[in-house]
Amino acid sequence: MPKIRTTRTKKPPEGYEEIESILDDYARKMRDAENESHEGKRKAESLWPIMQISHARSRYVYELYYKREAISKPLYDWLLKEGFADANLIAKWKKPGYEKLCCLRCIQTKDMNYQGSTCICRVPKAQVRSGTVVNCVHCGCRGCSSDS
Amino acid sequence: MPPKLDINKAGWEQSEFPVLCETCLGDNPFIRMSKQEFGRSCGTCARPFTVFRWNPGSGMRFKTTVICQTCAKIKNVCQTCLLDLEYGLPTQVRDTALGFVNEAPTSDINREYYAQNMEGKLDGNKSGLDTSKAQSAGKEMLKQLARTDPYYKRNRPKVCSFFVKGECTRGTECPYRHEKPVDNELAHQNIQDRYHGRNDPVARKILGAHAESQGLKPPEDQNITSLFLSSLSPDSTELSIRTQVLRSLPTVQPAELKSVVHVAKSRCAFVNFKERDTCERAAEAWANGLEIDGQRVAVKWGRSKASKPPTPVTSSVAVAS
């Protein structure tokens, strides 16, 4: 969640103006998701939209800097510091096998039913037993292994 | 401090393997179980116990243990389904057939104390149930009622609560059952009643159906509160009959028995109860007959007043009452 900007806060680094409208879009979407009613949803389901928007925004910042190289290092650092993207998640995306990771909870082995396992969404599509519906409880991910 | 060093936690259960029935384990011989120490309080004695959780096969729901091993061993039941391990029947059916007394206390602190005491007495994997002195008629009845093959339908997922409300958005992906829930007596069960064998709807259904199949259908006339015992042993006396009747019905207080009328000449007897309800329970328990003085006795319902059998019986009833 980005910090609130007032007149007393420091000015964002150069290049922020170009991506401001897209980040504002994400902020608006996030606010809508937060205000959405939980009625008719399962317990686990209510936080999925928020996780998904946060993931998409992190992904956007990550691609701007690492893939498209469209923003400067100071701006990227500032975006991370302000919470526009999840630095820990991005750190995982840089590692092989974790390129599409949906959220950090899905690789927390301690939270799982069986010791040392990860979330069902981390299983490669080819190895999932047929008939299994992949839809994880943490973020509603439908599969985030690198081959999917 | 690890729990076992704390005096208050010394009785907490730590176990390596659950006590389960074949049905609950599922059809796959290779299953993966998760174990959680002191994961939950026992459904009957409320002490923390080691919870096991596993999937009994594809398309089934995850099952967990709900009562502790001490409680399961005391009654010789499965930790998950609370059905008898030998016969796969509810405890109420088994206890009625074998004439066992339910001695476990039901108040909060007492049941914890009882479980703790029993834990010391049960050594190893021995069950707390002694079936050696049970009646052969009762055992035969259980054999008839018991299900021999595992019943995996019991492991199916629960009914989808969103589907019931008409708003399940998952469609065919939904792991829960999309069915209309049946709202009958069997839908209202609880762990305590099932474990202690009190007003268990499943047991009532099984016992009622069995009594009916043995020709002991409760008569329409609600005034009939007597059972007719025939082919008694020649050396039976009224006292021996009364003793055996009360012994085979531990839930019935002696005061609930109105009278026992023995007709020595025709080697039959009437057992009269005060309440119709007690009489029905007795008929269910004796569906396969009753053993008195080494002889298997046939049981029938008494007749209504209008078509009562000849004089000797009516006169003896009059004498007794």
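Worth saying up front: this structure is predicted, and the values here are computed from it rather than measured.

Rules used in this analysis
- Residues numbered from 1 in each chain as written.
- Chains lettered and ligands numbered in written order.
- Predicted model: local features only at pLDDT ≥ 70, side-chain atom pairs only at ≥ 80, totals over all residues.
- Heavy atoms only, no water.
- Helix = DSSP H or I, 4+ residues; strand = E, 2+ residues; numbered from the N terminus.
- Buried < 20%, exposed > 50% of the residue type's maximum accessible area, 1.4 Å probe, protein only.
- Contact = heavy atoms within 4.5 Å.
- Areas by Shrake-Rupley, 256 points an atom, 1.4 Å probe, with all protein chains shown as cover.
- Disulfide = S-S within 2.5 Å.
- UniProt positions renumbered as here; feature names shortened; annotations may be inferred.
- Expected span 1.5 Å × (residues − 1).
- Pairing = 2+ DSSP bridges.
- Salt bridge = Lys/Arg side-chain N within 4 Å of Asp/Glu carboxyl O.
- Polar contact = N/O pair within 3.5 Å; in protein donor to acceptor, adjacent residues only side chain to side chain.
- Buried area = accessible area lost by both parts, 1.4 Å probe.
- Nonpolar A, V, L, I, M, F, W, Y, C, P; charged D, E, K, R; others polar.
- Axes fitted to C-alpha atoms, helices over the stretch in contact; angles between N-to-C directions.
- Phe/Tyr/Trp six-rings, centres within 6.5 Å; stacked < 30°, edge-to-face > 60°.

What is the right way to read the overall build of chain B from this model?
Along chain B, the regular secondary structure elements total eleven helices and eight strands. Within chain B, the fraction of its 321 residues that count as buried is 43%. Counting contacts in chain B only where the partners sit at least 6 residues apart, residues at least 24 apart contribute 63% of the total. Accessible surface for chain B amounts to roughly 17300 Å². Of this, 52% is attributable to carbon and sulfur atoms.

I tried to follow the overall build of chain A on my own but got confused; where do I start?
For chain A, the helix and strand inventory stands at four helices and zero strands. Along its sequence from the N terminus, chain A presents helices and strands in the succession α-α-α-α. For the C-alpha atoms alone, the extent of chain A along its principal axes is close to 55 × 40 × 25 Å. With 148 residues in all, chain A has 35% of them scored as buried. Taking the contacts inside chain A whose residues are at least 6 apart along the sequence as the reference set, 50% of them involve residues at least 24 apart. In the structure as shown, chain A presents an accessible area of about 9600 Å², 50% of it carried by carbon and sulfur atoms.

What should I look at first to understand the state of the cysteines in this one?
Here is the idea: a disulfide is a covalent bond, and it sits between the sulfur atoms of two cysteines. Taken as a whole and judged by the stated rule, the model has zero disulfides over all chains. Unpaired in terms of disulfides, A:C141 finds its nearest cysteine sulfur in A:C102, a separation of 3.7 Å. Free cysteine B:C168: the closest other cysteine sulfur is in B:C160, separated by 3.8 Å.

Got a minute to help me understand the UniProt feature "coiled-coil region" (unreviewed entry) in chain A in this structure?
The positions UniProt marks with the feature "coiled-coil region" (unreviewed entry) are residues 16–43 of chain A. A helix fraction of 71% and a strand fraction of 0% characterise residues 16–43 of chain A, whose end C-alpha atoms lie 37 Å from each other.

Please explain helix α4 (residues 108–121) of chain B as it appears in this structure.
For an α-helix the count is 3.6 residues per turn, leaving residues at separations of three or four pointing the same way. Between the first and last C-alpha of α4(B) there are 21 Å, a value that for 14 residues agrees with the 20 Å anticipated at 1.5 Å per step. If you follow the buried residues of α4(B), they end up packed against α2 (69–75) and α7 (191–196) of chain B.

Hey, could you run me through the pairing of strand β2 (residues 48–54) of chain B in this one?
The two faces of a sheet get side chains in turn, since along a regular strand they alternate between them. Residue and element names in this part refer to chain B. Judged by how many residues are buried, β2 sits mostly within the fold: six of seven residues are covered. As paired elements, strand β1 (residues 33–41) and β2 share six bridges and run antiparallel to each other. From the neighbouring strand, Q36 faces β2, where its bridge partner is V51. Linking β1 back to β2 in an antiparallel pair, the connection comprises six residues, with A46 at a positive phi of about 70°. Inspection of the sheet shows β2 paired to strand β3 (residues 63–64) by two bridges, in the antiparallel sense. Its bridge partner being in β3, R53 is matched across the sheet by T64.

Please explain the pattern of salt bridges as it appears in this structure.
Opposite charge on two side chains allows them to pair when their charged atoms are near. Residues and elements named next belong to chain B. Scanning the entire structure with this criterion turns up 21 salt bridges over all chains. When the shortest N-O distance is used, the salt bridge between K75 and D95 registers 3.8 Å. A residue pair is termed long-range when its members are at least 10 positions apart, and K75 in helix α2 and D95 in helix α3 (residues 91–98) qualify at 20 residues. Like D95, K75 is buried. For R94, the salt bridge is made with D84, and the minimal N-O distance between the two is 2.5 Å.

What am I meant to see in helix α8 (residues 201–213) of chain B here?
All names here are of chain B. The end-to-end C-alpha distance of α8, which contains 13 residues, comes to 18 Å, matching closely the 18 Å that a straight helix rising 1.5 Å per residue would cover. When α8 is considered as a whole, its buried residues turn out to be P201, A203, L207, H210 and A211. Looking at the buried positions of α8, the neighbouring elements they touch are α3, α5 (136–145) and α10 (276–285). Near the N-terminus of α8, the side chain that reaches the backbone nitrogen of V202, with its oxygen 3.0 Å away, is that of D200.

I keep staring at the interface of chain A and chain B and nothing clicks. Help me out?
Where the parts come together, the accessible area they lose is often given as the size of the interface. At the interface, seven residues of chain A touch ten residues of chain B. In this assembly, chain A packs against chain B so that about 850 Å² is buried in total across both faces, 49% of it on carbon and sulfur atoms. Summed over the shared surface of chain A and chain B, the number is one salt bridge. Across the pair B:E173 and A:R142 runs a salt bridge whose closest N-O atoms are separated by 3.1 Å. Counting the contacts that link chain A with chain B gives two residue pairs in polar contact (both at pLDDT 80 or more). In terms of residue class, the side of chain A that touches chain B is made up of two nonpolar, two polar and three charged.

Sorry if this is basic, but what is going on with the sheet that holds strand β6 (residues 268–273) of chain B here?
Neighbouring strands of a sheet are bound in pairs by backbone hydrogen bonds; such pairs are parallel or else antiparallel. Residues and elements named next belong to chain B. Strands sit in the order β5-β6-β4-β8-β7 across an open sheet of five strands; the sheet is antiparallel. Both outer strands of the open sheet, β5 (257–263) and β7 (290–292), are each paired with one neighbouring strand and no more. Direction aside, neighbouring strands of the sheet carry axes that sit 30° apart on average. Helix α9 (residues 238–248) contacts β4 (226–230), β5, β6 and β7 of the sheet and is inclined by roughly 135° relative to β5.

What is the right way to read the packing of aromatic side chains from this model?
Here the distance between the centres and the angle between the planes together describe a pair of aromatic rings. All names here are of chain A. Summed over the entire model, instances satisfying the criterion amount to ten aromatic pairs over all chains. When the centroid spacing of 5.4 Å and the interplanar angle of 40° are considered together, the rings of Y62 and Y66 count as tilted. Taken together, the residues span about one helical turn, with Y62 and Y66 both in helix α2 (residues 48–67) at a distance of four residues. For Y66, a relative accessible area of 31% translates into the label partly exposed. A ring pair is formed by Y65 and Y66, whose centres lie 4.9 Å apart and whose planes are at 85°; its orientation type is edge-to-face. Assessed through its relative accessible area of 19%, Y65 is described here as buried. Here a set of aromatic residues connected by ring pairs shows up, and it is made of Y62, Y65, Y66, Y76 and W93.

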